[in-house]
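Analysis of the macromolecular model
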Amino acid sequence: MAGQPDLGRGDLVAMLAQLTDRPTDQPERIGSMELAWLVHLVEQRHDRRLDLTDDQLAGIRTVDDALVVFQTALAAADG
Amino acid sequence: MNGNPSSRDSNAIDPDWVDDFLFTGKPTDVCLRLPDPVDRGTLHRLVAEAQTRLGAAGLRPGGAVALRLPPSLAYVVNLLATWRSGAQAILLDHRLTDHEADRALRRLTPQVVVAPVRTGGAALRVFVEVTEGVTPYGDRPAATDHAVVQLSSGSTGPSKVIGRTAADLVAEVRRYTQLDGVALPGERLILLPSMVHVLGLVGGLLYGLHAGVELVPPERLSGAAVLDAIGAADSPATVLGVPFHIGLLAATQLDRPLPMFARMITGGELVSAATVRSFTDRFGVPLGNMYGMTEVGVIGTDLHGRHRPGIVPAPGIEVREVAGELRVSCPASPYLGGADPSRWSSGWLHTRDAGTVDPDSGLVTIRGRLDSQVSVGGMKVDLTEVENTVAELPGVAAAVVVWDDGITAYVQPAGTLAEETLDHQLAERLASYKRPRTLRLLDQLPRTTTGKLVRSVDTLRTAGTS
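Our focus in this paragraph is the interface of chain A and chain B. Of the residues lining the interface, 20 residues belong to chain A; the matching set on chain B comes to 18 residues. Those elements that place two or more of their residues in the side of chain A that touches chain B are helix H1 (9-20), helix H2 (32-46) and helix H3 (54-58) of chain A. The element that contributes the greatest number of residues to the side of chain A that touches chain B is H2(A), accounting for 9 residues. Residue classes in the side of chain A that touches chain B are distributed as 9 nonpolar, 7 polar and 4 charged.

Encoded structure:
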């Protein structure tokens, strides 16, 4: 994955912490703004664009949901 | 009012302002880049065609159209077509749930509803590809002569309804033209806020059309896409956004020089000095901010970032402080329905923002809210509305909703209640941006000795983790 270790839950929590300036205790649920932020940082980290649809994003309610969708999209991009 | 009374209702709005004030300039001038250019002539033709569809669905001058569309060409076209038909536009955020939208429609009784039948494009679009459906709804005239009606999260449950006349919108656009530090004719506005809300609607769409500023929504909501939009032409580009977008840009690797990047302006809450520094260090352009409300539009600005945290009242706007609350000149009450003297009285809007006005410089400083309203990505959300919605759900005995770096709900169930059930019910009743980020189910909510619910964030946090 372009020299990057696999994306883990801890990475997403750390990214959310950058957004909220709140180092720990991130809420489990994420909204559209947090999601846009995560997509942006994951794309920068992996230096590629995630090919996502609105339906995929609409199905994301939690950090764990996001992790599954991002991992799938990154694996697809690795093809 | 002229015309046949049977086909023209008493509140018909003079439609001429659309052509006289917004469609100025040459037909070949590009007004939107999506990214394909849309010129004024094309937009005007699309608007005329949409008027025919709205009329066929039952719209009459003096009626109202509810637009339940995401930011899109379809939204722009149907909005202008509504006004050009002498009708009122009711703007419903497309993220409202059916429950919220139905309640608004029953209250506002438009003649026609415009909503998507199909949306396309990839995720995180700022501007969406929409095929719209035009549906007859009612046959009553609009309740008022306002050109635009918007909902704002209300403090007592249902949303409060705000109306603005065409004259008021024109006056606000003229205020923008008098500000030093906005995009000028021939320049570009990289538009991030939704055109359904006041900043994107008036500061973006209407100002852009009137002043001859190209409106450029980035291809999608990402830092790279914003930089691409800035770099797509040589003419000066102003980025209009909310504080979230500053962070997004500051976290983006700059891979090329962008000499055309002129400035960024944000509405919404004030950003921290550290955020300002990280943005200006990276891009070397001014970061300005604006203060405004749905009720009156732009109230004050600091477009060069020289007065932070103060702002200068916009031309023609007076701001004064009464008992710690900022009041803004507003000749007529912007609220539909019964007058509420605690919100507007004698030509002054009671903002419910705490603040001060410096007697010497006239600079206004905002110091937070005096009520339970919070800002989520630039969207105003009243925590009381969220709390009432949670408390009224089946299976909920009591609820307290507070702001704790995000909307946080503490819920005391009546019997057994799964968090998932609660989540599901809330998703049916509240738009996504209003929903709690954190839900905590407690056997007993903390109460005072007299039995009142405790609202202290610290006490609730402790109760939620014990």
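Moving on, we come to helix H3 (residues 73-84) of chain B. Residue and element names in this part refer to chain B. The terminal C-alpha atoms of H3 lie 16 Å apart, and with 12 residues this matches the ideal 16 Å at 1.5 Å per residue to within 8%. Counting buried residues in H3 gives 11 out of 12 residues, a clear majority hidden from the surface. All buried positions along H3 are accounted for by Ala74, Tyr75, Val76, Val77, Asn78, Leu79, Leu80, Ala81, Thr82, Trp83 and Arg84. Of the residues trailing H3, Gly86 is marked for its positive phi of about 70°.

Moving on, we come to the sheet that holds strand E5 (residues 112-120) of chain B. Residues and elements named next belong to chain B. In spatial order, the strands read E6-E5-E3-E4-E7-E8; together these 6 strands make up an open sheet with mixed pairing. Pairing within the sheet leaves two strands with one partner each, and these edge strands are strand E6 (129-136) and strand E8 (160-164). Within this sheet the neighbouring strands show an average axis-to-axis angle of 25°, counted without direction. Contacting strand E3 (64-67), strand E4 (88-91), E5 and E6, H3 runs over the sheet at an angle of about 170° to E3.

Here we take up the domain arrangement of chain B. Accessible area lost upon the coming together of the parts serves often as the stated size of an interface. Residues and elements named next belong to chain B. As far as domains go, chain B holds domain 1 (16-164), domain 2 (169-371) and domain 3 (377-465). One C-alpha centre belongs to domain 1, the other to domain 3, and the line joining them spans 34 Å. Each residue belonging to the side of domain 1 that touches domain 3 can be placed in one class, and the counts come to 1 nonpolar, 8 polar and 3 charged.

Moving on, we get to the sheet that holds strand E25 (residues 438-441) of chain B. Sheets are built from strands paired through backbone hydrogen bonds, the pairs being either parallel or antiparallel. All names here are of chain B. Reading across from one edge, E23-E24-E25 is the order of the 3 strands in this open sheet, with mixed pairing throughout. The sheet is open, and its two borders are formed by strand E23 (396-403) and E25, each paired with just one other strand. Each strand axis lies, on average, 20° off the axis of its neighbour in the sheet, ignoring direction. As paired strands, E23 and strand E24 (residues 407-413) are joined by 7 bridges and run antiparallel to one another. Looking at the pairing, Ala398 lines up with Gln412 of E24. Of the strands in this sheet, E23 and E24 are in contact with helix H10 (residues 383-391), which crosses E23 at around 160°. Contacts from helix H12 (residues 457-465) reach E23, E24 and E25 within the one sheet, and its direction differs from that of E23 by about 125°.

Attention now moves to unusual backbone geometry. Residues and elements named next belong to chain B. Cis rather than trans, the peptide bond between Leu34 and Pro35 has omega equal to -5°. Residue position: Pro35 is located in the loop between strand E1 (30-33) and strand E2 (37-39). The amide bond that connects Arg308 to the next residue, Pro309, takes the cis arrangement and shows omega of 0°. Residue placement: Pro309 occurs in the loop between strand E14 (297-302) and strand E15 (312-313).

It is worth spelling out helix H5 (residues 166-177) of chain B at this point. Residues and elements named next belong to chain B. Taking 1.5 Å per residue as the helical rise, H5 with its 12 residues ought to reach 16 Å, and the 17 Å between its terminal C-alpha atoms agrees with that figure. Buried within H5 are the following residues: Ala166, Asp168, Leu169, Glu172, Val173, Arg175 and Tyr176. On its buried side, H5 packs onto helix H1 (16-22), strand E7 (148-152), E8, helix H6 (198-211) and E14.

Parameters and conventions
- Every residue gets a number counted from 1 within its own chain, in the order that chain's sequence is written.
- Here chains are named by letter from A upward and ligands by number from 1 upward, in the order in which they appear as written.
- pLDDT decides what is reported in this predicted model: residues at 70 or higher carry local features, side-chain atom pairs at 80 or more are listed and counted, and totals for whole chains, interfaces and linings draw on all residues regardless.
- Remark: residues whose backbone-derived C-beta atoms lie within 7 Å of one another are considered to be in contact.
- To qualify as a helix, a DSSP run of H or I must reach at least 4 residues; to qualify as a strand, a run of E must reach at least 2; elements of each kind are numbered from the N terminus.
- Each residue is assigned to one of three groups, with Ala, Val, Leu, Ile, Met, Phe, Trp, Tyr, Cys and Pro labelled nonpolar, Asp, Glu, Lys and Arg labelled charged, and all others, Gly among them, labelled polar.
- A helix is expected to span 1.5 Å multiplied by its residue count minus one.
- Any residue with 12 or fewer other C-beta atoms within 10 Å of its own C-beta is exposed, any with 20 or more is buried, and the rest are partly exposed; the C-beta atoms used are placed from the backbone.
- Two strands pair under a simple rule: DSSP has to find at least two bridges between them.
- Interaxial angle, 0 to 180 degrees, is taken between N-to-C directions of lines fitted to C-alpha atoms, where a helix line uses only the stretch in contact.
- What marks off one domain from the next here is an automatic or database domain assignment.

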